[in-house]
Amino acid sequence: MDDIADLQAQIITLRMAVEGTWLSLLSNDPDPVTTVDVLKRANVAAVDQIEASLPNDKAMRDAVARHTEQIWGSIEWQLQQRVAEAKG
């Protein structure tokens, strides 16, 4: 059980690092919300193109696509909040 908790903590740490990196990179973008939407759609589409002929493969691919969409959705939401705060 400790191994699972450690793995979950590592995944959360990695996700936070990924989100932080993208937020930092997009902070100078003139239209970060639009850019993140384009990146989200492109990344999900790329995952959807992964070959998955077996049911388990398809389930894994679909789970990765959902997770990818969630990460980009979180980044998008955070950017929307920053833009709204900047507009005051």
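Structure: see above.
Calculation rules
- Residues numbered from 1 in each chain as written.
- Predicted model: local features only at pLDDT ≥ 70, side-chain atom pairs only at ≥ 80, totals over all residues.
- Heavy atoms only, no water.
- Helix = DSSP H or I, 4+ residues; strand = E, 2+ residues; numbered from the N terminus.
- Expected span 1.5 Å × (residues − 1).
- Buried < 20%, exposed > 50% of the residue type's maximum accessible area, 1.4 Å probe, protein only.
- Contact = heavy atoms within 4.5 Å.

Visitor: A description of helix α3 (residues 55-87) should follow, citing residues and the corresponding values.
Guide: End to end, α3 covers 47 Å across 33 residues, agreeing with the expected 48 Å (1.5 Å per residue, within 8%). Turning to α3, its buried residues are Arg61, Ala65, Thr68, Ile71, Trp72, Ser74, Ile75, Glu76 and Leu79. Considering only its buried residues, α3 is in contact with α1 (2-26) and α2 (32-48). One or two steps after α3, the chain reaches Gly88, where phi turns positive at roughly 70°.

Visitor: Describe the environment of Val44, listing the residues and the values that go with them.
Guide: Mapped onto the elements, Val44 comes out in helix α2. Separated by 40 residues in the primary sequence, Val44 and Ala84 place their C-alpha atoms 26 Å from one another. In this structure Val44 touches Ala65, Thr68 and Glu69, once residues within four positions along its chain are discounted.

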